[in-house]
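Spelled out, the chains give:
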Amino acid sequence: MDLTMQMKSAELLLNFIKHDTEKIPLYGFMLQKQRFVPKPNTAPLPRSTPEAEGVPSEAVESFFRDIEAQADSVACHAITVLRHGKVIAEGAYAPYRLDVPHMLYSMSKSITGLAVGMAIDEGYLDINERIIDIFPEYVTSSNAKALKSHTVWNLLTMSTGARFNEVGSGLDENWLKMYMQSTPKFEAGSAFDYNSLNSYVLAAALVKRTGMSLTEFLTPRLYEPLGIRYHEWETCPKGIEKGGWGLSLTVEDAAKLGQLCLNRGRWNGEPIVSEKWIDAATSVQIQTPNGEMKHGYGYQIWMSDEEGAFQFNGAFGQYVLVFPKYDAVIAMYSGSASLFAHVGLSERVKQLLDTFKDEALQENGQAGASLKKCLDGLTYSPSYPDELGMDKEEFERIAYRLDGREYLAGPNTGGFFPQTLQVVHGNMTDSVSMFRFAKRGDDIILYIYEKDERNALVLKHDGSFELGAVTIRGERQLTGTRCRWKLEPRHIRLYVLSSFIETPNSRILSMDIYPHRMSVTFDELPALNRTAQMLFDLVGVSRMAFYRKLLPLLKSEAMVKLVKNMTEPVAECSIVKHNEDEPLPLLDTGKE
């Protein structure tokens, strides 16, 4: 069963790369995201100046600017820096916003770990309790022996050896059944093996023992005491929160959770989770020689290389970094293709921490004003082709030329939602069918049609971001779109970057427009080929024998070109001829 499941998982990933999406996931689409509705921040963290908390404003500004300059690697979206429990700096890289929640991916695990700690504190669960005693309905004669020593502790420390993983969750709607039927790789507790389905089983155990959903359990115990506004959590096909991923929070609320752990479980002097639990959760429970980080793992929390430091960590660069030695927390959201902190980011964090002092510094009005100007003007600026620009006269001529044009798309696998996001939410595109351009004032409206749905993007004449929203099958995503362009005698080039600001993902449309046709290439950030490799590594497919034998072939020039075509689909489009302006022909009615 396990070899079959691994092969099916590999096949599912290959279908993801090829955009063969008819059966991703195998059990069909279920709406995962609710419409964003703004809410007031009724419980903000206290604010202070960097100098009042012993940090020079110049160092903070340098940190934010250096991160901004690494848009192609770190790809930062938002940062909040706390010292002594107070916000000393916060900024979002436009079009991202501080008041909009962002997908956490595996950072969600740390919140699941906190929930389990509360459930244990209250007697709902026991850390040494066996999984087969919590879910006896899934115990059979074939799996009872293999699972007999698996406990809540093993789930918390990623030491179950379970084979059923994130990709496998797309194979069957009953994740608990698949997890329990999967033969472990090794004896429970003997090794570390990162697997998001361990966290899912923790969530399911809490749900079963408390009779509440994870959200219902956490709302009065965590969300309300900390004033966490948004806490939407995606669920499995059976309605249980995913546990290992699927939660979205604002960056300030994520920082609050780091501060809660730094406070050893207390908030405003009141206990939220026991000190005993926090102390255990944030210390090494198991070594991680095969993990992406080598400093050990606690209870759903990674240890860091700094003395006593630990972190919540999510794919594509979602971090809460906690530094007890400095009484500091740094929360950061990103769109990086790396699973864990980029080397450049780690170095910059260390350089910032080196400037922290124990005593308050003299206020520096000039440096403070410069920092404020920096934070107000941060922009997410990944590279675009050098030959493209923002010449306003060119854009005006392009707008007049394209106004009213419509293009029918030939067979393609492109969609406006980034493909990674499509797969994560099971919301697969039916392919783009038509594009339409319309001039509105100085700007261009680009209409994108997918089957029976139409979305509109505003391309600003000055190349700035325009906030908007797009919807496919009821899933509404907030976007920030900007454009670069080049006008040639018989060729218009448009490079459209649309950031999905509630996620790590962005869609890129590279449009080559000729008098009677148009070619549109669909790309995305993080790049799909790097995302696919990350997923292969995450679920262990890259360690499978057949994959290792295939790898040299994948590096050949022909295969590289094939993979590029799969991960950057192209739509060849033909212009729609408009004949309505022609005069009506004279008709001979046969009458005088």
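Since the structure is predicted, the reported quantities are computational estimates derived from the model, not experimental observations.

A.B. asks: Honestly, the sheet that holds strand β1 (residues 76–83) in this entry has me stumped. Any pointers?
C.D. replies: The strands that make up a sheet are held in pairs by hydrogen bonds between backbone atoms, and each pair lies either parallel or antiparallel. Spatially, the six strands line up as an open sheet ordered β2-β1-β10-β9-β8-β7, and their pairing is antiparallel. Each of the sheet's edge strands pairs with one partner strand only, and the pair in question is β2 (86–92) and β7 (302–303). As paired strands, strand β9 (residues 318–323) and strand β10 (residues 328–334) are joined by five bridges and run antiparallel to one another. Counted as the bridge partner of Y319 is M332 from β10. Contacts between helix α10 (residues 251–262) and the sheet are confined to β1, β2, β8 (310–314), β9 and β10, with β10 contributing the most and set at about 145° to the helix.

A.B. asks: I would appreciate a short explanation of a negative patch on the surface in the present structure.
C.D. replies: The grouping of D391, E393, E396 and D442 at the surface amounts to a negative patch. The topology assignment puts E396 in helix α14 (residues 392–402).

A.B. asks: What is the right way to read the packing of helix α3 (residues 108–121) against helix α9 (residues 214–226) from this model?
C.D. replies: When two helices pack together, you describe them by how their axes are tilted relative to each other and by the distance separating the axes. Interaxial distance between α3 and α9 falls to 11 Å at its minimum, and their mutual angle equals 80°. Viewed along their axes, α3 and α9 adopt a mutual orientation that is roughly perpendicular. Across the interface between the two elements, I111, T112, A115, M118 and A119 from α3 touch L214, F217, L218, R221, L222 and Y223 from α9. In the contact of α3 with α9, the residues fall into nine nonpolar, one polar and one charged.

A.B. asks: Would you explain the confidence of the model for the protein chain in this entry?
C.D. replies: When pLDDT drops low, the exact placement of atoms in the prediction is not to be read closely. Considering every residue of the protein chain, the mean pLDDT works out to 90; 86% of them sit at 70 or more. Across residues 556–560 the pLDDT falls below 50, and counting only partners more than four positions away or on other chains, this stretch makes four contacts in the model.

A.B. asks: Mind showing me how you'd approach α9 here?
C.D. replies: Given 3.6 residues to a turn, an α-helix orients residues that are three or four positions apart in the same direction. Residue P220 marks the point of greatest curvature in α9, where the axis turns by about 50°. Taken as a whole, α9 has its buried residues at L214, F217, L218, T219, R221, L222, Y223 and L226. Among the residues trailing α9, G227 stands out with phi positive, at a value near 70°.

A.B. asks: Help me out: how do you make sense of the pairing of strand β12 (residues 432–440) in this one?
C.D. replies: Residues in a regular strand project their side chains so that they alternate between the two faces of the sheet. Pairing of strand β11 (residues 406–409) with β12 involves three bridges; the strand directions are antiparallel. Bridged to L408 within β12 is M434. Sheet topology note: the β12/strand β13 (residues 443–450) ladder contains eight bridges and is antiparallel. Opposite F435, over in β13, you have I448 as the bridge partner. Here β12 folds back onto β13, and the loop between the two strands holds two residues, one of which, G441, carries a positive phi near 60°.

A.B. asks: Hey, could you run me through the environment of V322 in this one?
C.D. replies: Counting through the fold element by element, V322 comes out in strand β9. Measuring from C-alpha to C-alpha, the distance between V322 and A255 comes to 9.1 Å, with 67 residues separating the pair along the chain. The residues contacting V322, other than those within four sequence positions of it, are G258, L262, A309, F310, A328 and V329.

A.B. asks: How do you make sense of the pairing of strand β18 (residues 506–513) when you look at a structure like this?
C.D. replies: Taken across its eight residues, β18 has six buried, putting it largely inside the fold. With eight bridges joining them, strand β17 (residues 491–500) and β18 adopt antiparallel strand pairing. Bridging from a neighbouring strand, Y495 pairs with S510 of β18. In textbook terms, the turn of a hairpin is the stretch between consecutive antiparallel strands, and for β17 and β18 this stretch comprises five residues. When β18 meets strand β19 (residues 517–525), the two strands line up antiparallel, connected through eight bridges. Across the sheet, residue L509 finds its bridge partner in β19, namely F522. The turn joining β18 and β19, which pair antiparallel and follow one another in sequence, is formed by three residues.

A.B. asks: Hey, could you run me through the sheet that holds β17 in this one?
C.D. replies: The strand order across the open sheet built from 10 strands is β14-β13-β12-β11-β20-β19-β18-β17-β16-β15, with neighbouring strands paired in antiparallel fashion. Edge positions in the sheet fall to β14 (453–459) and β15 (466–472), since each of these pairs with one other strand and no more. Strand after strand, the sheet turns through a mean of 25° between neighbouring axes, direction not considered. Here strand β16 (residues 475–488) runs beside β17; their pairing, made up of 10 bridges, is antiparallel. By the bridge assignment, R484 is partnered in β17 with Y495. Across the sheet, α14 lies against β12, β13, β14, β16, β17 and β18, angled at about 110° from β16, the strand it touches most.

Scoring rules and cut-offs
- Residues numbered from 1 in each chain as written.
- Predicted model: local features only at pLDDT ≥ 70, side-chain atom pairs only at ≥ 80, totals over all residues.
- Heavy atoms only, no water.
- Pairing = 2+ DSSP bridges.
- Helix = DSSP H or I, 4+ residues; strand = E, 2+ residues; numbered from the N terminus.
- Contact = heavy atoms within 4.5 Å.
- Axes fitted to C-alpha atoms, helices over the stretch in contact; angles between N-to-C directions.
- Patch = residues over 30% accessible without salt bridge, like charges linked within 9 Å, V, L, I, M, F, W, Y side chains within 5 Å.
- Areas by Shrake-Rupley, 256 points an atom, 1.4 Å probe, with all protein chains shown as cover.
- Salt bridge = Lys/Arg side-chain N within 4 Å of Asp/Glu carboxyl O.
- Lys, Arg positive; Asp, Glu negative; His and termini not counted.
- Charge placed at Lys NZ, Arg CZ, Asp CG, Glu CD.
- Parallel < 35°, antiparallel > 145°, perpendicular 65-115°, else oblique.
- Nonpolar A, V, L, I, M, F, W, Y, C, P; charged D, E, K, R; others polar.
- pLDDT = per-residue confidence, 0-100.
- Bend = angle between axes of the 7 residues up to and from the residue.
- Buried < 20%, exposed > 50% of the residue type's maximum accessible area, 1.4 Å probe, protein only.

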